[in-house]
Amino acid sequence: MDEENAVELLQRFRRDRRILLDFVLAGSLIKKVIMPPGAVTLDDVDLDQVSVDYVLNCAKKGGMLELSEAIRDYHDHTGLPQMNNSGSAGEYFLVTNPESYGSPPKRAAPPVPDYTPPPVLAPPPVITPSIPDLDLSPVASNISQSESFNSTQVRELTVDDIEDFEDDDLDETDSLRISRRIRNDAADLALGLPSFKTGIIEDDLRETAYEILLACAGAAGGLIVPSKEKKKDKRSKLMRKLGRSRSENVVSQSQRAPGMVGLLEAMRVQMEISEAMDIRTRQGLLNALAGKVGKRMDALLVPLELLCCISRSEFSDKKAYIRWQKRQLNILEEGLLNHTAVGFGESGRKASELRILLAKIEESESLPPSTGELQRTECLRSLREITAPLAERPARGDLTGEVCHWADGYHLNVRLYEKLLVSVFDMLDEGKLTEEVEEILELLKSTWRVLGITETIHYTCYAWVLFRQHVVTNQQGILQHAIEQLKKIPLKEQRGPQERLHLKSLHSRVEGKQGYQDLSFLQSFLSPIQKWADKQLGDYHLNFAEVPVMMENIVTVAMITRRLLLEEPEAATMQSTSATDRDQIESYISSSIKNAFTRILQSLEKSDTKHEHHLALLAEETKKLLKKDTTLFMPILSQRHPQATAVSSSLLHRLYGNKLKPFLGVAEHLTEDVVSVFPAADDLEQYMMELILSSCGEETAEIYSRKIVPYQIESISGTLVMRWVNSQLARILGWVERAIQQERWDPISPQQRHGSSIVEVFRIVEETVDQFFELKVPMRSSELSSLFRGVDNAFQVYANHVIDKLATKEDLIPPVPILTRYKKEAGIKAFVKKELFDPRLPDERRSTEINVRTTPTLCVQLNTLYYAINELNKLEDGIWERWTRKKPRQKLIKKSLDEKSKSFMQKDTFDGSRKDINAAIDRICEFTGTKIIFWDLREPFINNLYKSSVSLSRFEAVIEPLDTELCQLCDIIVEPLRDRIVTSLLQATLDGLLRVLLDGGPSRVFSLGDGKLLEEDVEVLKVSEIRPLKCQKSFLSLVEMVFHEEWLKIRYHAFGLW
């Protein structure tokens, strides 16, 4: 009972193991399977001898699977325990039921012997599949009979051993190998053709295509059966055993035989046909033509003739023969039943008979040899009677017997012709055409009669083959050849009427995503090319980022295929593209820009954006994308769409605007995010507008500009900046009030003779200006104008505060005495109302305020106001210079308007404050001169000068205090204001002198004789005023003029009445 359970478990394990290997090997997990020597198909391989772990590792790596290595790996690890290579662990699991294995072993496991990987071994004998026994298995016996796989005695493979291998076996194996290494996936370029019902594979088509080529070459007399006794050096056989080397030339031009013989040999190698198969096919075709006088070899029904003329004895392996016969029967069924050029007409009886005969021929191999051979012979005879008349029926106007219509039925013919065209590529360098490409193409023309190929079909098939090879190898040279072939495909009006009718009849029904679709010939071949090109161009930023030169060729391919497909009757339903090439280019731009923009968004979501707002980073990345797009791709697309740059910029403007709009809606203050996002967004928009304007004419650019919805960054930013400016200006006014209240009007230093308040005001103003220009947000000139107006108003307030409590001139000048020389009515009224002219009244009311404004205080105030004007000019120039640097370029649309507004603003930015400050300086100067004469020197000058008589109180008594005041002024006042203050003092002195002379009161008596003395006093006054000064000649001229005018006034009013 235990033995039966063990056998059952072993059988289940073996069955599951075979199912797993069949699934892995039959699917697409393994890119390439290399059979062991002597095996043709997987049926020839004992899967019980194949290491599952080795196969799964190859599947994970996506590499090639050499079954001989898998078999070796299986035997190398047969004596070792199962490992999962997961390292040490505290847990384990069991795949099967542990009760089936009994108790665990009680002795230690034997040590693992040292094992050195052997060199190249002779291949093991083929082992017959059997159920291995637990004690003695056939596997073990077979190994013991030859050599153990774990044996340390290894026999190396020598050249003599290699000589013993039969070339036929190697050739059969080589015919199944796929030597081309596919580097890129070309699955998207699959033809729009239905699959074969018989399950024909690519190797079957390749071998059949070569047989047709030999038949067509034989029709031209170029078919010669080569001798089997070919002498080859030992290195050549070694390389054939271990695999061809890329350093070995397959068939070089110098070694190739001349003429058709050498060309066919090159084709054989290019199409990977074994020498044994080549010889069998040649001999079979020659035997088939024997006795057929006047029959062309290319008019033979090749698969049927080969079935009749090639016997089983010519194959070294029965399975190879069965596979070959199966291929010929499948080709007959596809060519005569499934995809016929002529068809069966009204009855399907012949089709049923054909299927029965083909099935009986295949069934004969399972019968005893005598019975099977008899059935096969009878079936072949019946098959010839049915197929020969059917295949030789005329079609498309040809004569009976001229063409044998068995392989020119769509879709078999184009697939066979495709296999012939693939031979133009160099086996050792897939990205290049072989040296014999022109000769090969010329030779392939001989197959056009058999395969029903026309010029249009040839150019279309060849273009598709070249383009697919370009996709596989990524070689530009192949792509150029594909474009040349596409350009050779004639348009509808360039084709002949017979060819137009023929192409119109070629249709295929293919199942797609939207159900079954009817495709024409051109759609079957060109639609995959167009879809592939559209897919690549739909994301050209990704696919052509490193090779933008390739993009131009792909655009050419897309445009050519599109033009050809638009001529097809079903173009309206099959084509989802727009009507013009420009619309198609716009679709490429739209799709690729959206994909690239989406990738930017995804990358920003994954990256760390804590230091900067993601919208600012998005604007920077979008600008980089646009620069790359404009530099690399737009020159290519602009060849077919002149406004491609404008389309790209407009789309990116809209995409970024969609992300920016929610942020703009909630921006209310100048936060860090606003200061980060607004400049980046505005710079991006400016760059986009410049690209649109530079790439289009004025009219076209205006059209695109209307379509674009502006971000209005400057408008929104201007509102926020205006709020900030207003708050800062209110802060400045507060500082001005505070600085004036704290000012004591003491000079800062002997060198800086102005007050400290103005320095504080300028400090806060400059800080505000610095903060204004540190705002990197976009601004308009209106925000700058607002800043100018606010600063101007602040200095006006400052100037007004300086002179706010300054007394008037009338407060300083005492009232006119009661008895005067002119106002007799006043003297009369004085006796009635004496208090009206009380000379002490104004002194008592204003004395406190006037005494506070001492001469040094007034001088410091003047210096402060003068300092304000000078610094104001510097501040204005600095603001304009920084504004120019901040906005080096203006918007092209508003440039002239901005220049006009700028020139206007530069003229009157601080004029209000300048006007008020100058008015304050004039008023303080006038007040200072009047105060010195009429207030500080009132006693010696106004009250005592010329009192009683001129001779008793001359002007010399006033010179000394006047000189003291003048020197005090000159010591404190700054140099530029000295002329103005001295002029005011001189004017006040002359006014005082005129007051003494005209309104001196009853205490002063003047006579005509005093005129000479008065003139001398005036001269003394002039000298005393000018002496302490270091004045320019212009100022001296001014003093002379003032004295002259005032003296004439004095003489007129005083001496004229005396």
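Before any of the text, the structure's been laid out above.
Quick look at the structure, then. (Residues numbered from 1 in each chain as written. Predicted model: local features only at pLDDT ≥ 70, side-chain atom pairs only at ≥ 80, totals over all residues. Heavy atoms only, no water.)

With that settled, the discussion passes to the overall build of the protein. Broken down by element type, the protein carries 43 helices and four strands. Burial status across the protein gives 47% buried among its 1058 residues. If you take every contact in the protein between residues at least 6 apart in sequence, the share linking residues at least 24 apart comes to 79%. (Helix = DSSP H or I, 4+ residues; strand = E, 2+ residues; numbered from the N terminus. Buried < 20%, exposed > 50% of the residue type's maximum accessible area, 1.4 Å probe, protein only. Contact = heavy atoms within 4.5 Å.)

Okay, the packing of helix 26 (residues 614–637) against helix 28 (residues 672–695) next. Relative to each other, helix 26 and helix 28 sit at 20 degrees, their axes nearing to 8 Å. Taken together, helix 26 and helix 28 sit at an angle that is classed as roughly parallel. Crossing hand, helix 26 versus helix 28: left-handed. Along its contact with helix 26, which presents Leu615, Ala616, Ala619, Thr622, Lys623, Leu626, Lys627 and Thr630, the element helix 28 presents Ser676, Val677, Ala680, Ala681, Asp683, Leu684, Tyr687, Met688 and Leu691. The residue inventory of the contact of helix 26 with helix 28, partitioned by class, reads eleven nonpolar, three polar and three charged. (Axes fitted to C-alpha atoms, helices over the stretch in contact; angles between N-to-C directions. Parallel < 35°, antiparallel > 145°, perpendicular 65-115°, else oblique. Left-handed = near helix turned anticlockwise from the far one by under 90°. Nonpolar A, V, L, I, M, F, W, Y, C, P; charged D, E, K, R; others polar.)

Turning our attention to helix 27 (residues 644–666). Taking 1.5 Å of rise per residue, the 23 residues of helix 27 would be expected to cover 33 Å, and the 34 Å separating its terminal C-alpha atoms lies within 8% of that figure. Where helix 27 bends most, at leucine 660, the angle is about 40 degrees, and the proline proline 662 comes one to four residues later. (Expected span 1.5 Å × (residues − 1). Bend = angle between axes of the 7 residues up to and from the residue.)

Relative to the helices and strands, glutamate 305 is located in helix 11 (residues 302–309). Judged by relative accessible area, glutamate 305 falls into the buried class, the value being 5%. Reaching out from glutamate 305, the side chain makes a polar contact with the side chain of arginine 384 at a distance of 2.6 Å. If sequence neighbours within four positions are ignored, glutamate 305 has contacts with Ala288, Lys292, Leu300 and Arg384. (Polar contact = N/O pair within 3.5 Å; in protein donor to acceptor, adjacent residues only side chain to side chain.)

Time to look at the packing of helix 15 (residues 412–421) against helix 18 (residues 455–473). Between helix 15 and helix 18, the least distance of the axes is 10 Å, while the angle of their chain directions is 55 degrees. In terms of orientation, helix 15 lies oblique with respect to helix 18. Viewed along their axes, helix 15 and helix 18 form a crossing whose handedness is right-handed. Here Val414, Tyr417, Glu418 and Leu421 of helix 15 come into contact with helix 18, specifically with Ile457, His458, Cys461, Tyr462, Trp464, Val465 and Arg468.

On to the state of the cysteines, then. In this structure the tally under the stated criterion is zero disulfides. Looking at cysteine 970, it has no disulfide partner, and the nearest cysteine sulfur is the one in cysteine 967, 6.5 Å off. (Disulfide = S-S within 2.5 Å.)

This paragraph deals with the environment of alanine 619. Mapped onto the elements of the fold, alanine 619 is located in helix 26. Separated by 41 residues in the primary sequence, alanine 619 and leucine 660 place their C-alpha atoms 9.4 Å from one another. Residue contacts for alanine 619: discarding those within four places in its chain leaves Tyr656, Ala680, Ala681 and Leu684.

Compared with the 30 Å implied by 1.5 Å per residue over 21 residues, the 28 Å span of helix 12 (residues 318–338) between its first and last C-alpha is a close match. Of all 21 residues in helix 12, 17 are buried; the element is thus mostly enclosed. One side-chain oxygen of the residue at the start of helix 12 lies 3.3 Å from the amide nitrogen of lysine 319, identifying that residue as aspartate 317.

Turning our attention to the pairing of strand 4 (residues 515–520). The sheet contact formed by strand 3 (residues 507–512) and strand 4 spans six bridges and is antiparallel. By the bridge assignment, valine 510 is partnered in strand 4 with glutamine 517. (Pairing = 2+ DSSP bridges.)

For the structure shown, the criterion picks out 15 aromatic pairs. Relative to tryptophan 324, the ring of phenylalanine 315 lies with its centre 5.5 Å away and its plane at 45 degrees, an arrangement referred to as tilted. Note on accessibility: phenylalanine 315 and tryptophan 324 belong to one class, buried. Aromatic pair phenylalanine 521 and phenylalanine 525: ring centres 5.0 Å apart, planes at 45 degrees, arrangement tilted. Here phenylalanine 525 and phenylalanine 521 lie together in helix 21 (residues 521–537), a separation of four residues that amounts to about one turn. Across the pair, exposure class does not vary: phenylalanine 521 and phenylalanine 525 are buried alike. Three or more aromatic residues joined by ring pairs form one cluster here, namely Tyr410, Trp464, Phe521 and Phe525. When the ring centre of tyrosine 687 is taken as origin, the NZ or CZ atom of lysine 623, which lies over that ring, is 5.4 Å away. Its guanidinium or amino end placed over the ring of tryptophan 735, arginine 763 lies 5.5 Å from that ring's centre, counting from NZ or CZ. (Phe/Tyr/Trp six-rings, centres within 6.5 Å; stacked < 30°, edge-to-face > 60°. Lys NZ or Arg CZ within 6 Å of the ring centre and 35° of its normal.)

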